[in-house]
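Below, each chain spelled out in residue letters.
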Amino acid sequence: MQVLCKSSDQDVETRCSVCGQGFVLYWERHTRTERAEALKEIQKTLQKQHSHQSDKAAHPDRGFLVPEWNGPIAFSGAAILGNAPSWAL
């Protein structure tokens with residue numbers, strides 16, 4: 001399952017446990033079990049992003065995928081199936 005994460009201060013679905021930055025999530029799939037597993041992976045990714053910085057600047061300005069993907073974000077399953085708006089890409 002892929003999740004597109006975008007920094008936001010409004011309507012956040014999760015927050016970084018290190019700095020408190022909020023994120024809006026665009027999901028590829030929607031079952032409760034899959035979301036719970038994905039949230040664990042998202043938290044691990046957010047914590048890893050703090051390896052060099054402790055503030056909100058540790059997170060990418062633009063959206064990022066969990067798990068990481070090398071292709072264009074706009075072509076990811078999370079962006080397409082999650083109906084991500086262009087500002088999140």
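Before reading on, note that the structure itself is shown above.
Residues numbered from 1 in each chain as written. Predicted model: local features only at pLDDT ≥ 70, side-chain atom pairs only at ≥ 80, totals over all residues. Heavy atoms only, no water.

> I tried to follow the environment of Gln43 on my own but got confused; where do I start?
Note on placement: Gln43 falls in helix α1 (residues 32-48). C-alpha of Gln43 to C-alpha of Val18: the two residues are 25 residues apart in sequence and 9.5 Å apart in space. Among residues more than four places away in sequence, those in contact with Gln43 are Thr14, Arg15, Cys16 and Ser17. Engagement of the side chain of Gln43 in a polar contact is seen with the side chain of Thr14, the distance being 3.0 Å. (Helix = DSSP H or I, 4+ residues; strand = E, 2+ residues; numbered from the N terminus. Contact = heavy atoms within 4.5 Å. Polar contact = N/O pair within 3.5 Å; in protein donor to acceptor, adjacent residues only side chain to side chain.)

> Please clarify how the pairing of strand β3 (residues 22-27) should be interpreted in this entry.
On any regular strand, side chains alternate: one points to one face of the sheet, the next to the other face. Most of β3 is tucked away, with six of its six residues classed as buried. Alternating positions in β3 separate into two faces, Gly22, Val24 and Tyr26 on one and Phe23, Leu25 and Trp27 on the other, with burial throughout. As judged from the six bridges shared by strand β1 (residues 3-8) and β3, these two strands associate in the antiparallel manner. Bridge pairing links Ser7 to Phe23 in β3. Pairing between strand β2 (residues 14-15) and β3: two bridges, direction antiparallel. Bridge pairing in β3 links Arg15 to Gly22. What sits between the antiparallel neighbours β2 and β3 is a turn of six residues, in which Gly20 has the positive phi angle 85 degrees. (Buried < 20%, exposed > 50% of the residue type's maximum accessible area, 1.4 Å probe, protein only. Pairing = 2+ DSSP bridges.)

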